[in-house]
Amino acid sequence: MRQGDTVELLVFRVNEVPAWHPLAAVTISPNFNHTDTEERTVKLPDDRQIIGFGASRTFHLCEPLLDTKLDFLVDNDSALWATKKNQASVCSPERLNELSQGSFFVVVFSAQYWDIERSLLALGLVHGRDYVEFAEIEGLKDVLLEIPLEKAYENLDLLLNPGDVCMDVGANAGIYSLRMAQIVGAGADGIVHALEPFPQTFSQLERHLLLFPDLDIRAYSTALVGAENLNEVGMLLPMKDGQAKGGSAHLEYVDLPEIEGFNPRLWSPDNADHWMAEDFKTGMKSFVSATTLDNFVNEHSLDRLDFIKIDVERPELEVLQGSLRTLEILRPGILLEAGFASETLPEIQELLSPYGYQVFDAREFESIRGQPGWDHNNYVFWPEERHPFG
């Protein structure tokens, strides 16, 4: 995208989604708490073809636990077509178009499956009736806690303690939230507050929480911002070939007056050739509720907050700017995923340093204060008065 290019966005509010839009099939509540203790799992039908969608590492974790043999697998990766995974042939998702509705049932082998669900909805399939995620099948939910993620995920037990009160900002489908709740709830009354503003992802988060009613995770469909006077913000979803690229999770919280809805750092001259620039030109912008972390803490009367995980795909600095009162008073540790926002890390360190926060590489747990390079994705910012990792 170059200066002067025309940007055409579809703009809507979440409660005014057009019928053809990929969010139209999603029903969410603004906040979510468990209302019962019944585990929500299903059994696979025995009168239909059972088809797996996804032949990646998640499938390999699930396959030994499956009681039902798959008729075949489909996957978006053309390199896997015409191969076999444990006796199940892998083919293109186009194969589903050849089948009549009601004759097959799809098991999605992915924990963050926005794009897959989009294609299933386009076929007229209905969640629960025609497809489920693997974790919703009896005996498979614990695989959600085994999916290999980055080093920081593996080392959460070094950052958390039973009884801690935590916040997961940018919770996505809840993989981090579940692991955090496991640790802080072990023989104690730990709590995780999970914030996820994107409606379809929040719907998946709700489904995952229903599978683990014993974990105290409280979910909120809201975005965190840096300005006190913002209670609604635009989120931009990229599009490619008419398909929403939800899997990229690259959502923009910050309005830029010249090009409404775009983050100025993303659209600076240096980033005109950003790898998703073409996809954003025809993006869809929705409006979601927003607040600052400080206001959230006040509104929910939190007198304790031990840990915050932040993964918001670029507006990390803005989230922290709206958190300073909490950082000064409650002194939580912070795990920051900074993949797309590495250029802001020096600014983040400058912002937090006066509040007595040290920075560590979350993978190796070595102090990197004063180091010129920021070439890792995960960082831990920790109050100086208490050292992390024991």
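Look above for the structure.
Calculation rules
- Residues numbered from 1 in each chain as written.
- Predicted model: local features only at pLDDT ≥ 70, side-chain atom pairs only at ≥ 80, totals over all residues.
- Heavy atoms only, no water.
- Helix = DSSP H or I, 4+ residues; strand = E, 2+ residues; numbered from the N terminus.
- Buried < 20%, exposed > 50% of the residue type's maximum accessible area, 1.4 Å probe, protein only.
- Contact = heavy atoms within 4.5 Å.
- Axes fitted to C-alpha atoms, helices over the stretch in contact; angles between N-to-C directions.
- Parallel < 35°, antiparallel > 145°, perpendicular 65-115°, else oblique.
- Nonpolar A, V, L, I, M, F, W, Y, C, P; charged D, E, K, R; others polar.
- Core = buried A, V, L, I, M, F, W, Y, C linked by side-chain atoms within 4.5 Å.
- Phe/Tyr/Trp six-rings, centres within 6.5 Å; stacked < 30°, edge-to-face > 60°.

### Concerning the environment of Gln321
Then, in step 1: Within the element layout of this structure, Gln321 appears in helix H9 (residues 316-321).
Then, in step 2: Judged by its relative accessible area of 38%, Gln321 is partly exposed.
Then, in step 3: When the C-alpha positions of Gln321 and Glu228 are compared, they lie 10.0 Å apart, and in sequence the two are 93 residues distant.
Then, in step 4: Those residues in contact with Gln321, other than ones at most four positions away along the chain, are Gly226 and Leu351.

### Looking at the packing of helix H2 (residues 114-122) against helix H6 (residues 199-211)
Two packed helices can be described by the angle between their axes and the distance between those axes.
Then, in step 1: Close contact between H2 and H6 brings their axes to 11 Å; oriented N to C, the two are set at 100°. On the basis of their axis angle, the class for H2 and H6 is roughly perpendicular. Contacts between H2 and H6 involve Trp114, Glu117 and Leu121 on the former and, on the latter, Gln200, Thr201, Gln204 and Arg207.
Then, in step 2: Across the contact of H2 with H6, the residue classes tally to two nonpolar, three polar and two charged.

### Observations concerning the nonpolar core
Burial of nonpolar side chains together is a common tendency in soluble globular proteins.
Then, in step 1: Ranked by internal contacts, the top residues of the largest apolar core, which has 54 residues, are Phe109, Phe134, Leu144, Leu156 and Phe307.
Then, in step 2: Per-element tally for this core: the top contributor is helix H5 (residues 175-184), with seven residues.
Then, in step 3: For Leu144, the residues in contact, after removing those within four places along its chain, are Ala111, Glu133, Phe134, Ala135, Tyr153, Ile175, Leu178, His208, Leu211 and Phe212.
Then, in step 4: Counting residues in each nonpolar core, the second largest holds 30 residues, with Leu327, Leu345, Leu352 and Phe381 among its members.

### Here we look at unusual backbone geometry
Then, in step 1: Its identity is not glycine, yet Asn172 carries a phi of approximately 55°, on the positive side.
Then, in step 2: Locating Asn172 in the fold gives a position in the loop between strand S9 (165-169) and H5.
Then, in step 3: The phi angle at Ser301 is positive, at roughly 50°, despite the residue not being glycine.
Then, in step 4: Inspection of the secondary structure puts Ser301 in the loop between helix H8 (293-299) and strand S17 (307-310).

### Things to note about the packing of aromatic side chains
Then, in step 1: For the structure shown, the criterion picks out four aromatic pairs.
Then, in step 2: On the basis of an interplanar angle of 85° and a centroid distance of 5.3 Å, the ring pair of Tyr153 and Tyr176 is categorised as edge-to-face. In this pair, Tyr153 is assigned in helix H3 (residues 151-154) and Tyr176 in helix H5, connecting sequence segments 23 residues apart.
Then, in step 3: Ring centres of Phe307 and Trp382 lie 6.3 Å apart, and the angle between their planes is 50°; this geometry places the pair in the tilted category.

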